[in-house]
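# Inside the fold
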Amino acid sequence: MKHVGIDLGARKSHIVTLENGGEERRLSTVPTAELRALFARMPKARIVMEACTQSPALARSAIDAGHEVIVVPGNLVRALGVGARGIKTDAKDAEVLALASLRNLDLQSVHLRSAEAQSQQELLQARWTLVSARRDVANAIKAKLRGELIVLEGRASSSAFVEAVRRAALEQMGGVSLAMETQLATFQHLTEQIEKLTEEIDRLAEQDPVCKLLRTIPGVGPIVALAFRSHLDTHERFANADHLASYLALVPGEATTGGKTKRTGTIKAGPVYLKALLVQAVWSMWRTKPNDPLVVWGCAIAEKRGRRIAVIAMARKLATVMWSMWRHGVAYDAGRASIARAQPSSSPPFANNAPTAATAARVSNKAPPGQNKPSEPNNKASRSKNKASSPTSPAM
């Protein structure tokens, strides 16, 4: 089998081909735009490349041409030897990738999303880019107004912000300057484009059966559902819920040494955009559905560990619940959401629309944060009372 290592570049890519167990080695340089044609006429081979902007499109082209393709994660290439001993060139990197393919037939590869999921991700990414640009423009406008001792109420997320700024500028500044008028026009244009993308996202989420299923969860709207569905692409990527939570980096770190286990803060990794959306969904659920078992579960954590840790814990549980719903094809059941955990069994965790008797009893016995269960006395006070009433042992 041929082993081909490719170091992709914006204009030119370096290719190293190994044959006969590595005894034959060929180095070539090809324009990156011509790689698809090269894959079509190349004999069947095992192609290895590093994950980058061009790798998804080129990997799909190589797979369509009948090749075996490995897209190595960026955090793994250093372990393979790329840049070892401070020597890093395009040709050397391509050779290291080819040698890694030759020596390791089980080389790890990133997940290549389907064309549909890739298109949905591009749509969400475009909206996120425009929202970030609009936020920057709004901050610049607000900074100018603060310099004039003008503070606006509300959020800068619609055309109403433009009208409020013009009205305040006319009343307190004597008019709108050319610089501010240009920024307001930019803000208005970005808002219109964001609305177009949002409408398209709503349409796709309405047509997608998985998104319609996920939207039965309080706080999960079309953007969160489509982002979750398109980023994961398929639920079969993950063996269980813990695997998904680890992939999303919604788990604590660990610094265990000398036999002592030490947990650290949440891992600073994972898809930032999807994690942010999950946290937003949790906050929405927290505000609008305070009696939902998932929120009650989070409030209990907030009392012990603080609200910030509770929100991250709820985001993790929300993600695992969404994955389980997708896996089993069932709608959200509030009665079981707080205790649901995906299991490799034939019975789905949300199969019944009504909670079981045991689940209903657990949920009904949960008191709001800061209050005791009505049927039970204050445990701490009871212990103090019992201690005071019990006879004390004589001093030794």
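Residues numbered from 1 in each chain as written. Predicted model: local features only at pLDDT ≥ 70, side-chain atom pairs only at ≥ 80, totals over all residues. Heavy atoms only, no water.

Within the protein chain, the regular secondary structure consists of 16 helices and seven strands. Looking at the protein chain residue by residue over its 396 residues, the buried ones come to 39%. The contacts in the protein chain between residues at least 6 apart in sequence include a share of 54% that link residues at least 24 apart. For the protein chain, the exposed area adds up to about 22500 Å²; of that, 51% sits on carbon and sulfur atoms. (Helix = DSSP H or I, 4+ residues; strand = E, 2+ residues; numbered from the N terminus. Buried < 20%, exposed > 50% of the residue type's maximum accessible area, 1.4 Å probe, protein only. Contact = heavy atoms within 4.5 Å. Areas by Shrake-Rupley, 256 points an atom, 1.4 Å probe, with all protein chains shown as cover.)

Before going further, it helps to examine the packing of aromatic side chains. Under the counting rule described, the total for this entry stands at five aromatic pairs. Arranged with centres 5.7 Å apart and planes meeting at 35 degrees, the rings of Trp283 and Trp286 form a pair that is tilted. Of this pair, Trp283 and Trp286 both sit in helix H11 (residues 272-288), three residues apart, which is roughly one turn of that helix. Classification of Trp286 by relative accessible area gives buried; the value is 13%. Positioned above the aromatic ring of Tyr247 is the side chain of Arg237, whose terminal nitrogen or guanidinium carbon lies 5.0 Å from the ring centre. (Phe/Tyr/Trp six-rings, centres within 6.5 Å; stacked < 30°, edge-to-face > 60°. Lys NZ or Arg CZ within 6 Å of the ring centre and 35° of its normal.)

All right, on to the pattern of salt bridges then. Any two side chains of opposite charge can pair if their charged atoms end up close together. Within this structure, the stated rule accounts for eleven salt bridges. Two residues, Arg316 and Asp242, come together in a salt bridge whose shortest N-O distance is 3.0 Å. Here Arg316, found in helix H13 (residues 307-328), pairs with Asp242, found in helix H10 (residues 241-247); they are 74 residues apart in sequence, far enough to count as distant. (Salt bridge = Lys/Arg side-chain N within 4 Å of Asp/Glu carboxyl O.)

Mean pLDDT over the protein chain: 83, with 85% of residues reaching 70 or higher. Under a pLDDT of 50 for its full length, residues 340-396 has, in the predicted model, 49 contacts with residues more than four places off or in other chains. (pLDDT = per-residue confidence, 0-100.)

The sheet built from five strands is open, its strands ordered E3-E2-E1-E4-E5 with mixed pairing. Across the chains shown, the open sheet's two edge strands, defined by having one partner strand only, are strand E3 (24-31) and strand E5 (68-72). Strand after strand, the sheet turns through a mean of 20 degrees between neighbouring axes, direction not considered. Strands in contact with helix H2 (residues 55-64) are strand E4 (45-50) and E5; relative to E5, the strand with the most contacts, it is inclined by about 165 degrees. (Pairing = 2+ DSSP bridges. Axes fitted to C-alpha atoms, helices over the stretch in contact; angles between N-to-C directions.)

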